[in-house]
Amino acid sequence: MSRNRLSEKLTNKSGFVVIAELVGGPGFDFGPIGKFLSAYKAAPGSIPAGFDFTAVCLPESPGGVANIEPAAVLNYLQTNDLLGDFDFVPHVSCKDVNADAIVSSLVSYRKMDIRSILALTGDKPAKAKGVFELDSIGLLHLIRDINNESYIKAKPDALDKVHQFFTGAAVSPFKYTEPSQMQQYFKMEKKIRCGAEFLITQVGWDWKKSLELFTYLRENHIDIPVIGNVYLLSTITPAPRLMHDIKLPGCFVSDELLEKVLSESVDEHIERAAQQVAMYKAMGVAGVDIGGVYDFGMFTKILTRAAEIGTNWEQFKGNLCWPAKNAFYLYDEGGKQHPLSSYPKKFSQKFFNFMHRAILDPDYTGFRAFRATMAALGADKGKGGVYKFSNANEKAFKYLLFDCEECGDCYLPENFSLCTIGGCEKGMDNAPCGDSTVEGYCGNNLERVCIGELIYQAAGAEKEGLKKLRAIINKPRMSELEHTSSIINYLFAKDHTRKNALISNGEAIHASIPKTGKIMRMLEALGPDAYTKPSGPLNYVRALIESQVSEGADYLAINLDAFGETDPQVAVKMMREYVKMVRKWGNGVGICMDSSNDDVLKAGLEECYNTTESIKQPLINSIKVYTMDKMLPLKKQLDYAFIGLLVSEDKPTGPGGSHSIEELYGLARRIYDKAVGEFGFKPEEIYFDSTVFPLAIDMPMEPGVPGYTYRAFETIRKIKNDPAMKGVHFSLGVSNSVRDLPSRKVGVCRAYVAKAMEYGLDAGIVNTSHHYGLVEPDEELLKLVDAFAKMDGSSERTNDAMMLMGKFCQENRKASL
Ligand code: SF4
């Protein structure tokens, strides 16, 4: 039976969606779920018109108490023919499994063709140790990477069948302090940026707060489907008292609401739930998720009564308004936003800022002096007496001041001097979760203020701090650094702040790559709205963009020259479209227009600036001595950096009929002098590229002639060591170096990059998934590349290189079948 798809219903806005949230009974009992769905099956037509009962949703050990796995429930429902055409929406949380285990369960869901999931940080386990290696933001990132990988691996003719998770995220508008509430909205925005495609609210009984969420979304131009969470708050379960007593963190029941519920009949509880369904429907949500209902009869009663109420929910406002005392609302009665608070700086924050500036801010001399001292004392090795002594001091000091728990990958600067490991019950990367109490305390430990609350106040004490807080997304901590010295890791660039010394220019959007080119053609053939209307080919291109960004690309190169072979105007038009797509999905990555046609480069450059948003300076690849007079003057209208390709139309006069190092250097100098001297380019806006020759065929045909690799590497050295061109970059299209090798291409390319970096290479057009520049190369492969780097024309060096290449090919020949 074909399944309803929540994704389709929410995307097409085809009706008011209803989801039933089902939970197993005590003792890991499937019974309540089975009973509910059997009753549904036995009562066709029982759902009133206007409600589309689309899906069942399965929490994962709700309340942090071990329960049946959603995957086991799915199996039970399928085996007993109870799932029918419902979509199955499991919760995926981070509470009790590490990142690898989450990947395992996601790929299992993919195999089961589960599409809609709800990504959550999860409740703190009631008895077991919480894991929280990821939080909801890290999880959303992970899911997006998995989605993109599915597209990238798909065959061109199967793009319309690619599995994609449709991922929801939670948001609570039911927070009653400014910090807790604003953090919820900030985090909601971050979740959307990380791939959330629909939202589901926390449970809560305050219509003003429900409305506040929609006002916030509207004011901030956020268009995303929202599912309202309706919980049957009834004395048939202990939930009202547990929520009131903060035993279910994140759920709030006021004294007054509890008193009222205790005084009511079950029918009155059902009535309130029905009023809330009608309220959400009238507010324009995409649907409701109904929880706390174990009896299908009650479920239909809620919907039937909601249908009767229709849009007239406002008469029940009093029954749907149970706020906290001294509640914070973002908007006044007239819908005008209250100004946000500013806060004083606390001593620990001032002290942290002072210390950070004194010895840990690379912009200040203290950093360089401290780093040099620690290096001289050998602490950079991460072992030895000095390292241990400094680590012991750091631990004691940071524990006292910041509740540090030695994660080794410190986020104090990003979190405004607060630690989200020691200071948070879940140790979250991106605090807060949704568990804070109405007073802003941690729902999992009432003796501490929620760290999210404190971070907000600290951010509010800094200039532009709230803006920064709203924007920042912390990556998952590097688990391998746990219990090591975070200061040493930071000083010597081993933690999350490390930057790749190689500026990476992603090469994947290239029309000459057979599969990519084919999909680009399919996309172009879709007609006028090809680049805006979702389709398999468009999603593939989006995946190429997002995955390279996720892999750390600094720039994304776009090469469409294969389209311009018969009609250059096709490539001109397409370059504009691809620039728009990278701008839209590239999260601010630099755009590199790569073409041998100057009109294509110019069109791309113009499109880069066809926006009101600020953009990273674009890069043009390439300008040559014979095109520079046409291209360089553009700088006056459109700011850009460029790759200067060291080729000329003149006949080479170097050994073996190629350009000599001196000639290549001369070409660089001509470009540099004109760009800097006449058109105001800064040296760091210039990248030189001398082209790459495959190692496998880098064999001089005559004695005394140096190899191409030797020539390229020595050119890099000469240019980078020239004081007259101080500050320029050198870039290579490194993938070409391993063409025609029998195997181990990634390893050889990694060694090639590492060796070239010894000569001064600091940029490359690369396959970003291989993280060149960050992963250590294999020693043997490094020796192989080194032999070519030294092949200066002498017979001895040539023999060395040829011998090593012969050995490599012999050892790495692929077995034939
Ligand atoms: S401190 Fe805040 S973010 Fe951490 S678990 Fe408690 S409520 Fe959640």
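Here the structure is a predicted model, which is why all the values come from computation and not from measurement.

(A) Looking closely at the sheet that holds strand E4 (residues 116-120). If you walk around this closed barrel you meet the eight strands as E1-E2-E3-E4-E5-E6-E7-E8, and the pairing is parallel. This sheet shows a mean twist of 30 degrees between the axes of neighbouring strands, independent of strand direction. Alignment of strand E3 (residues 87-93) against E4, held across three bridges, turns out to be parallel. Across the sheet, Ser93 pairs through a bridge with Leu120, a residue of E4. Its contacts with the sheet place helix H3 (residues 70-79) against strand E2 (52-58) and E3, and it is angled at close to 165 degrees to E3. Across the sheet, helix H6 (residues 178-193) lies against strand E5 (166-171) and strand E6 (198-201), angled at about 170 degrees from E5, the strand it touches most.

(B) Here's a closer look at the nonpolar core. One finds Leu106, Val277, Ile290 and Phe299 to be the most contacted residues of the largest nonpolar core, which totals 100 residues. Not counting chain neighbours up to four residues away, the residues in contact with Phe299 comprise Val18, Ala20, Phe36, Ile47, Phe53, Ile290 and Val293. Counting residues in hydrophobic clusters, the runner-up holds 98 residues, among them Leu667, Leu741, Ala787 and Met805.

(C) Geometry of the side chain of Ser648. Among the secondary structure elements, Ser648 is positioned in the loop between strand E15 (641-645) and helix H23 (661-679). A distance of 3.1 Å separates the side chain of Ser648 from the backbone nitrogen of Asp650, its partner in a polar contact. The residues touching Ser648, leaving out its near neighbours within four places in the chain, are Val625, Tyr626, His659 and Leu667.

(D) Examining the sheet that holds strand E12 (residues 555-559) more closely. With respect to topology, eight strands assemble into a closed barrel ordered E11-E12-E13-E14-E15-E16-E17-E18, the strand pairing being parallel. Put simply, the sheet's adjacent strands are angled 25 degrees from each other on average, direction ignored. Note: E12 against strand E13 (residues 590-594), five bridges, orientation parallel. Opposite Tyr555, over in E13, you have Gly590 as the bridge partner. Docked against the sheet, helix H21 (residues 598-608) engages E13 and strand E14 (619-623), running at close to 160 degrees with respect to E13. On top of the sheet, H23 reaches E14, E15 and strand E16 (686-689); it is set at about 165 degrees to E16, its chief contact.

(E) Inspection of unusual backbone geometry at higher detail. In this chain, Ala431 is followed by Pro432 through a cis amide linkage whose omega measures 0 degrees. Here Pro432 lies in the loop between helix H14 (385-402) and strand E9 (441-442). Even without a glycine there, the phi angle at Lys13 is positive, about 50 degrees. Tracing the sequence through the fold places Lys13 in the loop between helix H1 (6-12) and strand E1 (17-21). Residue Lys13 is classed as exposed on the basis of its relative accessible area of 64%. For Asn587, which is not glycine, the phi dihedral falls at a positive 50 degrees. A relative accessible area of 67% means that Asn587 is categorised as exposed.

(F) The arrangement of the site of the ligand in detail. Taken together, Cys424, Glu425, Lys426, Met428, Pro432, Cys433, Asp435, Ser436, Cys442, Asn444, Cys450 and Ile451 form the complete shell of residues around the ligand. Counted by class, the shell around the ligand contains seven nonpolar, two polar and three charged residues.

(G) Summary view of the pattern of salt bridges. Tallying each qualifying case throughout the model produces 47 salt bridges. We note a salt bridge from Glu256 to Lys325, for which the minimum N-O separation is 3.5 Å. With Glu256 in helix H9 (residues 255-263) and Lys325 in the loop between helix H11 (296-309) and helix H12 (347-360), this residue pair connects regions lying 69 residues apart in the sequence. On the basis of relative accessibility, which here comes to 36%, the residue Glu256 falls in the partly exposed class. Across the salt bridge formed by Lys635 and Asp639, the nearest N and O atoms sit 2.6 Å from each other. Overall, Lys635 belongs to the buried group, its relative accessible area being 11%. On the accessibility criterion, Asp639 (34% relative accessible area) is partly exposed. When salt bridges that share partners are traced, they join Arg5, Asp87, Asp113 and Arg115 into one network.

(H) Layout of the packing of helix H25 (residues 745-759) against helix H26 (residues 779-789). Contact pair H25 / H26: the axes reach a minimum separation of 8 Å and the direction vectors enclose 55 degrees. Overall, the two elements H25 and H26 adopt an arrangement that is oblique. As H25 packs across H26, the resulting crossing turns out to be right-handed. Within the contact between the two elements, H25 uses Gly747, Val748, Ala751, Tyr752, Ala754, Lys755 and Tyr759 and H26 uses Leu781, Leu782, Val785, Asp786 and Ala789. Among the residues forming the contact of H25 with H26, the class breakdown is nine nonpolar, one polar and two charged.

Definitions and cut-offs
Residues numbered from 1 in each chain as written. Predicted model: local features only at pLDDT ≥ 70, side-chain atom pairs only at ≥ 80, totals over all residues. Heavy atoms only, no water. Pairing = 2+ DSSP bridges. Helix = DSSP H or I, 4+ residues; strand = E, 2+ residues; numbered from the N terminus. Axes fitted to C-alpha atoms, helices over the stretch in contact; angles between N-to-C directions. Contact = heavy atoms within 4.5 Å. Core = buried A, V, L, I, M, F, W, Y, C linked by side-chain atoms within 4.5 Å. Buried < 20%, exposed > 50% of the residue type's maximum accessible area, 1.4 Å probe, protein only. Polar contact = N/O pair within 3.5 Å; in protein donor to acceptor, adjacent residues only side chain to side chain. Near = heavy atom within 4 Å. Nonpolar A, V, L, I, M, F, W, Y, C, P; charged D, E, K, R; others polar. Salt bridge = Lys/Arg side-chain N within 4 Å of Asp/Glu carboxyl O. Parallel < 35°, antiparallel > 145°, perpendicular 65-115°, else oblique. Left-handed = near helix turned anticlockwise from the far one by under 90°.

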